[in-house]
Amino acid sequence: MSNILIVESENDKFFLQALVDELKYDIQIEEPICLELEYECLEGLSKTRMIKALKELEADIQKRDIQKIGIVIDIDDFSQEKRLEWLQECLDEVFPQISKLVNTGEFIKLETKSEETIKLACYFTNVDGNGELDTVLKEIKSKDSSHADCLIDWKNCIESQDRKISDKDFDKFWVAIYLRYDTCSRKEQKQAARKCSFEYSMKEKKEIWNFTHPLLNDLKEFLSLFAEVD
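First, a word on scope: everything that follows refers to the structure included in this document. All values reported here derive from a predicted model rather than from experimental measurement. (Residues numbered from 1 in each chain as written. Predicted model: local features only at pLDDT ≥ 70, side-chain atom pairs only at ≥ 80, totals over all residues. Heavy atoms only, no water.)

**Side note on the pairing of strand S3 (residues 66-74)**
Rules: Burial here depends on accessible area, computed with a 1.4 Å probe over protein chains only, as a share of the maximum for the residue type. Under 20% is buried, over 50% is exposed, and the range in between is partly exposed. A run of H or I in DSSP counts as a helix once it spans at least four residues, and a run of E counts as a strand once it spans at least two, with each numbered from the N terminus. Pairing between strands is defined by DSSP: at least two bridges between them are needed.
Among the nine residues in S3, nine count as buried, and that is most of the element. Bridge count between strand S1 (residues 2-7) and S3: six bridges; the pairing is parallel. Directly across from Asn3, in S3, lies its bridge partner Lys68. The pairing of S3 with strand S6 (residues 117-125) spans seven bridges and is parallel. By the bridge assignment for S6, Asp74 is matched with Thr125.

Structure (structure tokens):
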């Protein structure tokens, strides 16, 4: 039997895989829902993509002998209640029998069309009830971030000219600058596409992130639900 995680994007997969490895858990992380990242998915995960991913999983459950499913998506600008409602609507489209999601980090039971019973729980990536993965990454960076932090002055300049950049886009830009200019050496920058990439940082430069940060405690507790097969 296996326990799996459904994630929203490639970066979510790289980050969660790094955290799972740090915790030494045996959890399989599925291919991201938003395979077209970083373009079509920037405005948020659509119900169409989520339902499609769930249908593919439902068709695959019996032959893969899946016991537990975890869903990790950004909370974005939703309240937790609204995000739970959104996810419930997606699940109801796919599974004929399913309990109601009332909280994150708690298992509910669902029944597939072939009558397998599966446990499912969800987690919404956030900082103080808002945001996404990049919001979290800004908080758990472990190295000097002088270059990235100077973007605040740039943001203020933009806004002084009656232009606006969303918090979501700003956080993505911040992480990109942190990776490229704060944590990449001049030698690494000569191979920036690889050695200053998000994937590389999560596999080869984990020290630039603080995986012991208290902000990750709830996520670690969630992952512990999937650490072992019952």
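**Quick notes on the state of the cysteines**
Quick note on the threshold: Here, the term disulfide refers to a pair of cysteine sulfur atoms separated by no more than 2.5 Å.
Within the structure shown, the criterion is met by one disulfide. Residue Cys184 pairs covalently with Cys196 via a disulfide, S to S 2.2 Å. Disulfide Cys184-Cys196: torsion about the S-S bond near -135°, hence left-handed. In this pair, Cys184 sits in the loop between helix H7 (167-182) and helix H8 (186-189) while Cys196 sits in the loop between helix H9 (192-195) and helix H10 (198-204), placing the two residues twelve residues apart along the sequence. Cys184 gets classed as buried once you look at its relative accessible area, which sits at 8%. Free cysteine Cys122: the closest other cysteine sulfur is in Cys90, separated by 11 Å. Of all cysteine sulfurs, the one in Cys150 lies closest to Cys157, which takes part in no disulfide; the gap is 13 Å.

**Some points on the nonpolar core**
Short version of the rule: Throughout, nonpolar core names a set of buried Ala, Val, Leu, Ile, Met, Phe, Trp, Tyr and Cys residues whose side chains join them through atoms within 4.5 Å. The contact criterion used is simple: two residues touch if any of their non-hydrogen atoms lie within 4.5 Å.
Membership of the largest hydrophobic core comes to 37 residues, with the highest contact counts inside it found for Phe15, Leu137, Phe198, Met202, Trp209 and Phe222. Where this core is concerned, the elements lending two or more residues are S1, helix H1 (10-23), S6, helix H4 (133-140), H7, H10 and helix H11 (217-224). Excluding its chain neighbours within four sequence positions, the residues that come into contact with Met202 are Phe14, Phe15, Ala18, Leu137, Trp209 and Phe211. Formed by 29 residues, the second largest nonpolar core is a distinct cluster that contains Ile4, Ala53, Ile73 and Leu87.

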